[in-house]
Amino acid sequence: MYEQFKTRAEGVSAEVHRFPTQAAALDFIIGFLRDEGVANAPDRRAVWAGCPFLAGIDRQQLAGIDGLHLEVSRERAAEARVGISQMDWALADTGTLAQDATAIDKRLVSTLPFIHIALVATAALVPDMPTWLTKVQPKDSGYISLITGPSRTADIERVLTIGVHGPSRLIILFVDALGGTN
Amino acid sequence: MQHEFKQSIDKALHNANLTGALGKFSEAYKVNRAKAYEGIDFEELRGRIASVKSYAASHLEQLSDLFQQNAEARGAKVFRTSDPAKVREYILKVAQDNGVKTIVKSKSMATEEIHLNPYLEAAGIEVGETDLGEWIIQLAGQTPSHMVMPAIHLTKEEVSDLFSKELDERLSSDIPRLVKVARDQLRPRFLRADMGISGANIAVAETGSIVLVTNEGNARLVTSLPKIHVALVGIEKLVEKFADIAPILKALPRSATAQLLTSYVSIVTGQTPNSDGSKKELHIILMDNHRSEMAADPMFKEAMQCIRCASCLNVCPIFRLVGGHVFGKVYTGGIGTILTAWYDELQSSEYIQGLCIQCGACKDVCPAKIDIPGLILEIRRRLVKDQGVPLLQKSIYSVVNNRRLFHGILRAASIAGKPFATGKFIRHLPLFLADLTDGRSLPAIAAKPFRDVFKTIEQPKGLKETAIFYAGCLIDFAYPEMGVALVKVLNKAGIAVKFPEGQTCCGAPARYNGAYEVAAQNAADNITALLDEPATYVVSACPTCTVALNHEFITTFESLGQSERLPRARELAAKTIDFSTLVKRLVDEGRLTLKEGQQLGKITYHDSCHLKRTLHAERQPRELLQSMGYELTEMFECDTCCGMGGSYSLKLPEISAPILQRKLKNIKETGAPLVAMDCPGCVMQIRGGMDQDGATVRVQHTVELIAAQLAE
């Protein structure tokens, strides 16, 4: 299912990586934030919405990253270059991520910044939408989000352009050893 | 009004940007759509959508109650009304009660339908569209020309001009740059807006959820950032169960934009938290506006199944020429014609319904299984019922129905036109009829109609089986040689051909113009004539006539409630068969042998609309032609209408002509010196087009090509 997901997601301009452990994924994220020049300045910040991944790592490692905020506010998210959150499911046949996004910070970090890093447990892969629909309950989740690739438009002359109101890059990190409830 | 309508067509046809953009899009769309549906059983999928939506349309009240109950249980306020004015008032009141100054909107056709923006703006509220296409047309002061791609009629240069004016700064027409400008301009608006207004693609009764499908991400912002969210939902969006969204979400992106899924799908159920910790105020308006009347109509209930993908616009040979604005201000294209007739009034569709050429391309791709051309025909019928048939048209029908008189008049006109006629064509017609030969020569009328030629044909004696030949107007009066060829082929297979003199017009011209009473009389007269003598088959070499005989006589009687005429109509339908299907069967049964394996050269084949989409006979003529030794080269868009459409080419020649030009180009590009087809109407259109074009491509009915290759 992972391979199918990767092919589909890359087909809609998402970037897909896979890591065996949270530590390996964290190394990637730290390196990425450094390469992107994340800093404590407008349009250079990073915001990370609370999630099981965060609970499962040594947060000391993040302390040195200036401009990374774990307390998400609307203002900070609007000024962020990178947003990080954890997704609850991945739908293989369309390369789609799904999330109970009732908590507003989850939506802010995945919508307002230019780059969205989406963490997801490899075990959260499901084959398709009908399967996924049996696992979610709108009565328990006021806002459910499905994300398939970055924001896009073709409204001018039908020319596909990536990144309109949402992120222009979607980076998906599968983590094999990732448990917990988002 | 008619003058204005014709002017709007004229304007659209001369807008090179529009026809260029739409033409390119429609060509790419067909390929991409097919790719998006790879590996999916489309018939099964659309069957499920039709059943889910049809169930909802029969239980509107019940599902609305259930939706309201479930949404309110989760803190939403649900307002139900049938009146667009009440919707506008309600939204304004919510805005005023909360001191709303700025509203951001994500794309909603329902708000277009009720002209919400100008109403709110008149009350001093700033209303901003945030879907890029919608924002562009808002800046241009226009209305959407397409349900999914509202600004498809504008070029990047025009968009750059609009943005430059808005920013008061000269911008380049680089598209990524323009998109960035839109992001930068709209972002602060999202952040300061007091209210977000959205539509909904689906409303789920059992959970009280609304589902929003977008690509840009604007709907996520509209439903997340402002503290108040108002969703305007037409009740046709209701489905019963949460699981019902699966087939719709599978088909909608594939049919709308050839995507497997859009970038974002949001499922909103009740109140959600705002960023300051408060709960969002959520108002959901369930709007009827004639939808329940539509659902109560046994024929139009089907249109409630629409999921608003606009694929009927994307495959329409007319839409790609004239675009959306010709159709009016809100809903455009095939389904738009139907929605306008109901949400507005029947009268509003008086002119736009005439744009449909009845080719059936939209019916083939509709993911909700709606017979769009059939419903447009029904609109036509109801308009005629209300208004009557125009006097001139009436007198034409009376002539058409009198075969001798009809031939006499046509022949007289053809002779009177002699100074203009060269060879087999009338190249130019005098004065007001000039449009009819603009880009196409009409056939000269045969000196002797087929009904007289037939009497001179000597058929072999003692043939065991009999077929009744139904000629139709064109073979009878213009192309009797096709009839002669048909007799020759069937005789060779041991079938005697009879031609009952009582046969008359198949009624298609009357039916396609909404004159069902005339069509019913035609049907009755033909049934009497064609069932008078025993025969195994009733065969026709005109697909439109074949469809009349084996489908439409029945539906015409049904529409008019003439059930006493149905048994005989069914008897005729069971016997009726088109020429190529019959011949293929005879060849397969070993009763007819064609010369095989010859080197007959390259050929291309044009699928006639009725033959392909109603009779589903695209394979038979191709296999026959190939087995005789023709080398088949398929043309691009082989099954796209040639623009003839019976009297369509007479009523809207300015649209018919460019459709024909495209067909001629596609034929010529195959390099084949010969094009075959199974419809004398298409032969008339395409042969006439080739003649005026000066091209050397031969245009032949399959019947003539087969008659020339019968084995001894």
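A quick note: this is a predicted structure, and the numbers were derived from the prediction, not measured.

Enquirer: Can you explain the overall build of chain B? Please cite residues and give values.
Expert: Secondary structure assignment for chain B yields 34 helices and 21 strands. For chain B, whose C-alpha radius of gyration is 28 Å, the value lies close to the compact-globule estimate of 27 Å for 712 residues. With the C-alpha coordinates aligned to their principal axes, the bounding extent of chain B is approximately 95 × 55 × 50 Å. When the 712 residues of chain B are sorted by exposure, 61% land in the buried category. Within chain B, contacts between residues separated by at least 24 positions form 78% of all contacts whose residues are at least 6 apart in sequence. In chain B, 83 positive and 81 negative side-chain charges are present, and the distance between their average locations comes to 3 Å.

Enquirer: Residues and numbers for the sheet that holds strand 4 (residues 195–198) of chain B, please.
Expert: Residue and element names in this part refer to chain B. Here we have 6 strands laid out as an open sheet, ordered 1-10-7-4-2-3, and parallel in their pairing. Here the strands that pair on one side only, and so sit at the sheet edges, are strand 1 (77–81) and strand 3 (126–129). Neighbour-to-neighbour, the strand axes of this sheet turn through a mean angle of 20°, independent of strand direction. Note: strand 4 against strand 7 (residues 228–234), 4 bridges, orientation parallel. Considered in strand 7, the bridge of Ser 198 is made with Ala 231. Most of the contacts of helix 5 (residues 84–97) go to strand 10 (residues 281–287), to which it runs at about 175°, and overall it touches strand 1, strand 4, strand 7 and strand 10.

Enquirer: Give me the lowdown on the interface of chain A and chain B, citing residues and values where you can.
Expert: Taken together, the 47 residues of chain A in the interface contact 60 residues of chain B. Looking only at chain A, the three residues that lose the most surface to chain B are Arg74(A), Ile156(A) and His165(A), adding up to 18% of its buried area. Among the ionic pairs, Lys156(B) bridges to Glu157(A), the shortest N-O distance being 3.9 Å. Between chain A and chain B we count 31 residue pairs in polar contact (both at pLDDT 80 or more) in total. Contributions of two or more residues to the side of chain A that touches chain B are made by helix 5 (74–78), helix 6 (104–111), helix 7 (129–133), strand 9 (143–147) and strand 10 (152–153) of chain A. A class-by-class count of the residues in the side of chain A that touches chain B yields 21 nonpolar, 16 polar and 10 charged.

Enquirer: Can you tell me about the pairing of strand 4 (residues 80–86) of chain A, naming the residues and giving the values?
Expert: Residues and elements named next belong to chain A. Of all 7 residues making up strand 4, 6 are buried, and the element is well covered by its neighbours. Pairing analysis gives 4 bridges linking strand 2 (residues 45–48) to strand 4, with the strands arranged parallel. Bridging from a neighbouring strand, Trp 48 pairs with Ile 84 of strand 4. Here strand 4 pairs with strand 7 (residues 115–121) via 5 bridges, running parallel.

Enquirer: Mind laying out the pattern of salt bridges, listing which residues take part and the relevant values?
Expert: Residues and elements named next belong to chain B. Within this structure, the stated rule accounts for 56 salt bridges over all chains. Where Lys 237 meets Glu 236, a salt bridge forms, and the shortest distance between an N and an O atom there is 3.9 Å. Residues Lys 237 and Glu 236 agree in their burial class; the two are buried. Between Lys 363 and Asp 371 there is a salt bridge, with the nearest N and O atoms lying 3.9 Å from each other. Because the salt bridges share partners, they merge into one network encompassing Glu 27, Lys 30, Arg 320, Glu 637 and Arg 662.

Enquirer: Describe the environment of Asn98(B), with residues and values.
Expert: Residues and elements named next belong to chain B. With respect to the helices and strands, Asn 98 occurs in the loop between helix 5 and strand 2 (102–105). When the C-alpha positions of Asn 98 and Ala 519 are compared, they lie 60 Å apart, and in sequence the two are 421 residues distant. Excluding residues that lie within four positions of it along the chain, Asn 98 makes contacts with Ile 228 and Glu 281. In this structure the side chain of Asn 98 is engaged in a polar contact, spanning 2.7 Å, whose partner is the backbone oxygen of Val 94.

Scoring rules and cut-offs
- Note that residues are indexed from 1 along each chain, following the sequence as it is written.
- Chains carry letters and ligands carry numbers; both start at the beginning, A for chains and 1 for ligands, and go up in the order they are written.
- Under the rules for a predicted model, residues below a pLDDT of 70 receive no local features and side-chain atom pairs below 80 are neither given nor counted, while totals for whole chains, interfaces and linings still include all residues.
- The basis for every side-chain value is the complete set of heavy atoms in the structure, and neither hydrogens nor water enter the calculation.
- Numbering of helices and strands starts at the N terminus; helices are DSSP runs of H or I of at least 4 residues and strands are runs of E of at least 2.
- In this setup the radius of gyration rests on C-alpha atoms only. A globule is expected at 2.2 Å times the number of residues raised to 0.38.
- Type-normalised accessible area, obtained with a 1.4 Å probe on protein chains alone, sets the label of each residue: buried when under 20%, exposed when over 50%, and partly exposed for intermediate values.
- By definition in these notes, contact holds between two residues if any of their heavy atoms fall within 4.5 Å.
- Charge assignment: positive for Lys and Arg, negative for Asp and Glu; neither His nor the chain ends contribute.
- Every charge is mapped onto a representative atom, which is NZ of Lys, CZ of Arg, CG of Asp or CD of Glu.
- In this scheme, strands are said to pair when DSSP sees at least two bridges between them.
- To obtain an axis, a line is fitted to C-alpha atoms, over the contacting stretch when the element is a helix, and the angle between two such axes runs from 0 to 180 degrees between their N-to-C directions.
- By buried area we mean the combined loss of accessible area, with a 1.4 Å probe, across both parts when two parts are placed together.
- Any Lys or Arg side-chain nitrogen found within 4 Å of a carboxyl oxygen on Asp or Glu counts as a salt bridge.
- Polar contacts here mean pairs of N or O atoms no more than 3.5 Å apart (in protein, one a potential hydrogen donor and the other a potential acceptor; neighbouring residues in sequence count only if both atoms are side-chain atoms).
- All amino acids are sorted into three groups, where Ala, Val, Leu, Ile, Met, Phe, Trp, Tyr, Cys and Pro are nonpolar, Asp, Glu, Lys and Arg are charged, and the leftover types, Gly among them, are polar.

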